[in-house]
Amino acid sequence: MAHLDLSADVVTLTQQLVDVFSVSHEEQEIADAVEAALASLPHLTVTRRGHTVVARTELGLGERVVIAGHLDTVPLNDNLPSRLEDGVLHGLGTCDMKGGDAVMLKLAADVTSPNRDLTFIFYEAEEVDSVHNGLRKLTESDPDLLQADFAILMEPSNASIEAGCQGTMRVDVRTTGERSHSARSWKGVNAIHLAGPVLGRLNDYVARQPEIDGLAFHEGLNATGIRGGVAGNVIPDECVVEVNFRFAPDRSEADAEAFVRDFFEGYDVTVTDTAAGAMPGLDRPAAKAFVEAVGGEVAPKFGWTDVAQFTRLGVPAVNFGPGDPMFAHKQDEHVPTEHIERCERILKEWLA
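This report concerns the structure included in the present document. (Residues numbered from 1 in each chain as written. Predicted model: local features only at pLDDT ≥ 70, side-chain atom pairs only at ≥ 80, totals over all residues. Heavy atoms only, no water.)

Next up on the list: the packing of helix α3 (residues 94-110) against helix α10 (residues 337-351). Look at α3 against α10: their axes get within 10 Å of each other, and the N-to-C directions meet at 35°. The element α3 and its partner α10 pack so that their crossing is right-handed. Contact residues: Gly-99, Val-103, Lys-106, Leu-107 and Asp-110 in α3; Ile-340, Cys-343, Glu-344, Leu-347, Lys-348 and Leu-351 in α10. Class assignment of the residues belonging to the contact of α3 with α10 gives a composition of six nonpolar, one polar and four charged. (Axes fitted to C-alpha atoms, helices over the stretch in contact; angles between N-to-C directions. Helix = DSSP H or I, 4+ residues; strand = E, 2+ residues; numbered from the N terminus. Left-handed = near helix turned anticlockwise from the far one by under 90°. Contact = heavy atoms within 4.5 Å. Nonpolar A, V, L, I, M, F, W, Y, C, P; charged D, E, K, R; others polar.)

The subject of this paragraph is the sheet that holds strand β16 (residues 268-275). Strand order in this open sheet of four strands is β13-β15-β9-β16, and the pairing throughout is antiparallel. Every other strand in the sheet has two partners, leaving β13 (220-228) and β16 as the edge strands with one partner each. In this sheet, adjacent strand axes meet at a mean angle of 20° when their direction is disregarded. Two strands pair when backbone bridges link them, and strand β9 (residues 167-176) and β16 are joined in this way by seven bridges, in the antiparallel orientation. Residue Arg-174 lies in a different strand from β16, and its bridge partner there is Asp-268. The sheet strands contacting helix α7 (residues 253-263) are β9, β13, β15 (238-247) and β16, and the helix crosses β16 at an angle near 155°. (Pairing = 2+ DSSP bridges.)

On to the environment of Pro-336, then. Mapped onto the secondary structure, Pro-336 falls in strand β19 (residues 334-336). Residue classification places Pro-336 among the partly exposed positions, given a relative accessible area of 25%. Each C-alpha atom of the pair Pro-336 and Asn-233 lies 53 Å from the other, and the pair is 103 residues apart in sequence. Beyond its immediate stretch of four places on either side in the chain, Pro-336 contacts Gly-87 and Val-88. (Buried < 20%, exposed > 50% of the residue type's maximum accessible area, 1.4 Å probe, protein only.)

Looking at where Glu-341 falls in the secondary structure, it is placed in helix α10. The class for Glu-341 is partly exposed, based on a relative accessible area of 37%. Taking C-alpha positions, Glu-341 is 15 Å from Ala-109, a pair spaced 232 residues apart along the chain.

Another point: the packing of helix α1 (residues 10-18) against α3. Between α1 and α3, the shortest axis-to-axis distance is 8 Å and the interhelical angle comes to 125°. Taken together, α1 and α3 sit at an angle that is classed as oblique. For the crossing formed where α1 meets α3, the hand is right-handed. Mapping the contact onto sequence places Val-10, Leu-13, Thr-14, Leu-17 and Val-18 in α1 and Thr-94, Lys-98, Gly-99, Asp-101, Ala-102, Val-103, Leu-105 and Lys-106 in α3. (Parallel < 35°, antiparallel > 145°, perpendicular 65-115°, else oblique.)

Direction of pairing for strand β1 (residues 45-49) relative to strand β2 (residues 52-56): antiparallel, over a ladder of five bridges. Residue pairing for β2: Val-46 is matched across the bridge by Ala-55. Taking the residues between adjacent antiparallel strands as the criterion, β1 and β2 are bridged by two residues, where Gly-50 takes a positive phi near 65°.

Now for the sheet that holds β19. Picture the strands of a sheet paired through backbone hydrogen bonds; they go either parallel or antiparallel. The three strands are arranged β4-β5-β19 in an open sheet whose pairing can be described as antiparallel. At either margin of the open sheet sits one strand with a lone partner, and together these are β4 (83-85) and β19. On average, each strand axis in the sheet is inclined to that of its neighbour by 20°, with strand direction left out of account. Summarising the sheet, β4 and strand β5 (residues 88-90) pair through three bridges and their orientation is antiparallel. Bridge pairing links Leu-84 to Leu-89 in β5. Taken strand by strand, α3 contacts β5 and β19, and its axis lies near 50° from that of β19.

With that out of the way, let us pick up the state of the cysteines. Overall, the coordinates contain zero disulfides when judged by the stated rule. No disulfide involves Cys-343; its nearest neighbouring cysteine sulfur is the one of Cys-95, lying 11 Å away. (Disulfide = S-S within 2.5 Å.)

As structure tokens, then:
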């Protein structure tokens with residue numbers, strides 16, 4: 001089993017985490033290592049569900065803060081092991097989001113007498129369909145473990161606060177034709193050709209950009225895949241355009257689905273995956289206090305993150321983690337070490 005040294009500095013600890021392979025659905029080794037490291041800390045109570053590990057203080061303080069981060073990564077892309085060059089740590093998961101996980105582990109080990117009770121959640125399967133998401137599963141099996149006055153998700157946000165998040169919905173838009181031999185194509189109806197107007201509608205789409213709590217969100221509706229075809233000599237009778245809708249948090253999932261169905265009126269539309277967004281919630285006292293502690297400007301979160309899970313439970317939440325999200329999932333994924341150290345410093349000062 002991999003060993004995590006909680007006495008190491010936060011950058012070294014990040015390297016240790018990165019070098020443990022943990023592609024989605026293969027998180028057992030890293031979850032075992034995290035659980036073992038946290039179980040050695042007498043001031044924490046540790047609970048495990050699947051490959052999700054929760055550690056809590058039980059000091060009876062007047063406020064509780066949840067700090068959460070996922071353990072899984074996207075598939076390997078010739079970017080392991082990690083390497084440190086000129087103050088930048090390179091490798092799979094450095095940005096998304098093992099730098100944030102390392103900060104959490106250092107806080108768990110070093111902040112033994114916090115000014116607020118703390119809950120640390122290291123969870124599985126964030127990078128795949130939401131049905132597998134460890135945090136979502138925890139909201140169903142153990143919602144009491146997520147109860148708090150405020151939550152911080154350590155998603156990469158350039159070591160600054162990103163509030164709320166957009167929702168995401170995936171749909172299949174299907175066209176139906178009639179098979180025939182390609183030598184007698186006029187005897188059939190080509191379903192792939194019928195998909196042309198679907199792509200035309202997407203190309204003409206104009207994004208909605210609502211302002212919420214002073215933050216400008218930007219929606220997106222895009223084809224992310226297309227599939228169809230039977231054989232090289234057959235006119236296909238079906239074609240499916242896979243579409244991803246990123247919608248602002250003032251839309252519910254039902255509103256988003258209604259918009260997509262109206263947009264593709266006349267076509268067969270099947271929702272394949274959906275997750276609600278999260279309103280910024282910057283008017284909440286706990287959120288205001290954290291914003292003041294961090295300083296600087298607050299930006300909207302365009303991608304979907306698990307702050308939405310906390311919003312569903314009535315817990316205000318923000319994204320605050322090391323790394324530029326533009327480099328998440330890239331082959332040259334990396335994180336400035338200064339980001340990791342800044343997040344650790346700010347959170348330690350705020351909590352201690």
